[in-house]
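Report on the structure
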Amino acid sequence: MKKIAISIICCLLALGNIAPAQAAKPKAKHVVMIALDGWGAYSMKKAEVPNIRALMADGCYTLKKRSVLPSSSAINWASMFNGAGTEIHGYTTWGSHTPEIPSAVTNEHGIFPTIYSLMQEQMPEAETGCLYEWEGIKYLVDTLAIKHYAQAKDYDKQPDKLCTMAEEYIKAEKPAFVAVCFDQLDHVGHADGHDTPAYYQQLETLDSYVKRIVDAVKAAGIYDDTIILMSADHGGIEKGHGGKTLQEMETPFIIAGKGIRKNGGQFEELMMQYDVAATIAYIFGLEQPQAWIGRPMVQVFK
Ligand SMILES: [Zn+2]
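All of the points below concern the structure found in this document.

Observations regarding the environment of Leu246
Take Leu246: it is sitting in helix H9 (residues 246-249). Sequence-wise, Leu246 and Gly236 are ten residues apart; in three dimensions their C-alpha atoms are separated by 8.7 Å.

This is the structure in structure tokens:
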């Protein structure tokens, strides 16, 4: 009897080896993330942003997603893409190009694993893109793992340059994942101040770009298989950020589209900056590295 039991266990173990656990089925084929540098959640009390509010109404959102500290740019863009906090990825200052604290782990490119490097390893055929205004982004995302990355320069001369680049790229390549990272709101936050008329005016302009990008997803014929995400690296107070107020630390996270709970409203679960990467990985059924501490926001899915 004991022998039979042992043989059954051996058979099961062998079967386990033959048929390894399959990656989870993707929730959607496409993810388009629109991220606004310096977009504090506080602004949603007043902002007249019908297109952003339409995404909020369609899907699920939180206005309490917290930045990691310090509440500054490179640190939080890094966390958004790499599923870990400051102490783990090691980017600690506003404009870090390389980690000031050595990253706890690195991938074959010598950089802390990002959503792009996970996609490159686990779904190598997937088209991935990263489009941005602030050059600092490119040092954080692992460009060697991205199929297409490009900066929109001189947005003071052509404010909708990045939006146009995103429209063209989405229609031409129908990417599995693209992040479109606008810097303009943070710029106004520093120049004119947060929570000022100029800040809200800039947010309204960005809202019109959100509509254009969503329309480009529709024109590309992929809307029904796309999840749209919106978020931010940090908020701000007066003419800055980097401190410990909730105006600086709390940013929106909005998710809508394929497989997302319809009209789900505001979710109560705590979300951190590094949970953005984990949620994207979850959408694509990717296994996340042990060094990531991000948790997918599973409650937003149907
Ligand atoms: Zn920033």
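A word on the pairing of strand S7 (residues 250-257)
With respect to burial, S7 is a largely interior element, seven of its eight residues being buried. Direction of pairing for strand S2 (residues 60-66) relative to S7: antiparallel, over a ladder of five bridges. Bridging across to S7, Cys60 finds its partner in Ile255. As defined by bridge partners, strand S6 (residues 226-231) adjoins S7 across four bridges and the pair is classed as antiparallel. Bridge pairing in S7 places Ile228 opposite Ala256.

Examining the coordination of the zinc ion
The protein atoms that coordinate the zinc ion are Asp37 (OD), Asp37 (OD), Ser73 (OG), Asp233 (OD) and His234 (NE2), at distances spanning 2.0 to 2.8 Å. Considered as a linear motif, the donors of the zinc ion on their single chain read D-x35-S-x159-D-H. Of the two residues, Asp37 is situated in the loop between strand S1 (30-36) and helix H2 (50-58) and Asp233 in the loop between S6 and H9; the sequence distance between them amounts to 196 residues. Given the relative accessible area of 0%, Asp233 is considered buried.

Side note on the state of the cysteines
Overall, the coordinates contain zero disulfides when judged by the stated rule. For Cys130, which is in no disulfide, the shortest distance to another cysteine sulfur is to Cys181 and amounts to 4.8 Å. A residue is classified by how much of its surface remains accessible, and Cys130, at 0% relative accessible area, is buried. When its relative accessible area of 2% is taken as the criterion, Cys181 is described as buried.

Some words on the packing of aromatic side chains
The description of two aromatic rings rests on the distance between their centres and on the angle between their planes. On inspection of all chains with the given rule, the structure shows eight aromatic pairs. Each ring, one from Trp77 and one from Phe81, has its centre 6.4 Å from the other, and the planes form 20°; the classification is stacked. Of this pair, Trp77 and Phe81 both sit in helix H3 (residues 73-82), separated by four residues, roughly a single helical turn. Taken individually, Trp77 and Phe81 each receive the classification buried, so the pair is uniform in this respect. Here the aromatic cluster, defined as three or more aromatic residues joined through ring pairs, consists of Trp77, Phe81, Tyr116 and Phe177. Its end group placed over the ring of Tyr223, Lys218 keeps NZ or CZ at 5.0 Å from the ring centre.

Focus: the environment of Val178
With respect to the helices and strands, the residue Val178 is situated in strand S5 (residues 177-182). Note: C-alpha distance between Val178 and Ala256 (78 residues apart in sequence) is 15 Å. For Val178, the contacting residues outside a window of four places in its chain are Val31, Val32, Met33, Gly129, Cys130, Leu131, Tyr169 and Ile170.

Rules of the game
Residues numbered from 1 in each chain as written. Predicted model: local features only at pLDDT ≥ 70, side-chain atom pairs only at ≥ 80, totals over all residues. Heavy atoms only, no water. Helix = DSSP H or I, 4+ residues; strand = E, 2+ residues; numbered from the N terminus. Buried < 20%, exposed > 50% of the residue type's maximum accessible area, 1.4 Å probe, protein only. Pairing = 2+ DSSP bridges. Donors = N, O, S within 2.8 Å, 3.2 Å for Na, K, Ca; no water. Disulfide = S-S within 2.5 Å. Phe/Tyr/Trp six-rings, centres within 6.5 Å; stacked < 30°, edge-to-face > 60°. Lys NZ or Arg CZ within 6 Å of the ring centre and 35° of its normal. Contact = heavy atoms within 4.5 Å.

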